[in-house]
Amino acid sequence: KSEQRSAALARAWTEVQELVEQQLCVESPALQLPWDTFPEGLDPAAGELDPQRAMRKRSQVQSLAAFALEMIEPGTKAVEFGAGTGHLGLLLAHLRPDASVVLVEARAGSSTVARSRIETMGIGNCEVFHGTLDDFANTAQEFDLALGL
């Protein structure tokens, strides 16, 4: 493991250790999103997924977004690791234009699709970093919130 990765994991553990040790069960904040009002392509249920998979994907994204939105303040820099084509990160960037989002994705094809989605939807506060978690750590970019779906 790289030193940056170890430091990031240690920092994350200090933030969640008490919750883990207490074995708290945290209820998901209520969040109902008006998917039909969002730009085309933002809804993870759109596209060529079968209906059950589409609804599971939408539910996953909406659930994590509910927690993330409670932690994002103006000026927050959020990084989604293993972002794929950016369903979670793009949603957060759309809902919080006063924050910035970096999508970190190792697969070239997914990175290309994510960049295309950002451009098509005109989301100016989101960018793609093509590379691994270690590659991103080596940039020494600071961020406020780490996400992964």
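A brief structural summary. (Residues numbered from 1 in each chain as written. Predicted model: local features only at pLDDT ≥ 70, side-chain atom pairs only at ≥ 80, totals over all residues. Heavy atoms only, no water.)

**Some thoughts on the sheet that holds strand β2 (residues 100–105)**
Here's step 1: The strand order across the open sheet built from 4 strands is β3-β2-β1-β4, with neighbouring strands paired in parallel fashion. Two strands close off the open sheet at either side, each with one partner strand: β3 (126–130) and β4 (145–147). Across the sheet, the mean angle from the axis of one strand to that of its neighbour is 20°, orientation sign disregarded.
Here's step 2: In the sheet, strand β1 (residues 77–81) pairs with β4 via 3 bridges, with the strands oriented parallel. Each bridged residue has a counterpart across the sheet, and for Glu-80 the counterpart in β4 is Leu-147.
Here's step 3: Along the sheet, helix α4 (residues 108–121) contacts β2 and β3; its crossing angle with β3, the most-contacted strand, is approximately 165°. (Pairing = 2+ DSSP bridges. Helix = DSSP H or I, 4+ residues; strand = E, 2+ residues; numbered from the N terminus. Axes fitted to C-alpha atoms, helices over the stretch in contact; angles between N-to-C directions. Contact = heavy atoms within 4.5 Å.)

**Topic: α4**
Here's step 1: With 14 residues, α4 ought to run about 20 Å at 1.5 Å a step, and its terminal C-alpha atoms sit 20 Å apart, in line with that.
Here's step 2: For α4, the full list of buried residues reads Ser-110, Ser-111, Ala-114, Arg-117, Ile-118 and Met-121. With its buried residues spanning 125° around the axis, α4 presents them on a single face. Exposed and facing more than 90 degrees away from the buried side of α4 are Thr-112, Glu-119 and Thr-120. (Expected span 1.5 Å × (residues − 1). Buried < 20%, exposed > 50% of the residue type's maximum accessible area, 1.4 Å probe, protein only. Arc of directions from axis to C-beta.)

**Focus: the layout of surface pockets**
Here's step 1: Taken as a whole, the largest pocket spans an internal volume of roughly 1,000 Å³.
Here's step 2: Around the largest pocket sit 28 residues that line it, and Ala-8, Ala-12, Phe-143, Leu-145 and Ala-146 are the ones nearest its centre.
Here's step 3: For the lining of the largest pocket, the elements supplying multiple residues, two or more each, are α1 (3–22), α2 (51–71), α5 (133–138) and β4.
Here's step 4: With 11 residues, the single largest contributor to the lining of the largest pocket is α1.
Here's step 5: When the residues that make up the lining of the largest pocket are grouped by side-chain class, the tally is 20 nonpolar, 3 polar and 5 charged.
Here's step 6: Lining the second largest pocket are 13 residues; nearest its centre among them are Pro-44, Ala-46, Gly-47, Thr-85 and His-87.
Here's step 7: Contributing elements (two or more residues each) for the lining of the second largest pocket: α2 and α4.
Here's step 8: Counted by class, the lining of the second largest pocket contains 4 nonpolar, 4 polar and 5 charged residues. (1 Å grid on protein atoms, 1.4 Å probe; cavity = no way out; pocket = protein on both sides within 12 Å on 5 of 7 lines; lining within 4 Å. Points joined across faces, edges and corners; volume = space filled by probe spheres on them. Nonpolar A, V, L, I, M, F, W, Y, C, P; charged D, E, K, R; others polar.)

**Details of the environment of Ser-100**
Here's step 1: When you line up the elements, Ser-100 lands in strand β2.
Here's step 2: Along the sequence, Ser-100 and Thr-76 sit 24 residues apart, while their C-alpha atoms lie 6.3 Å from each other.

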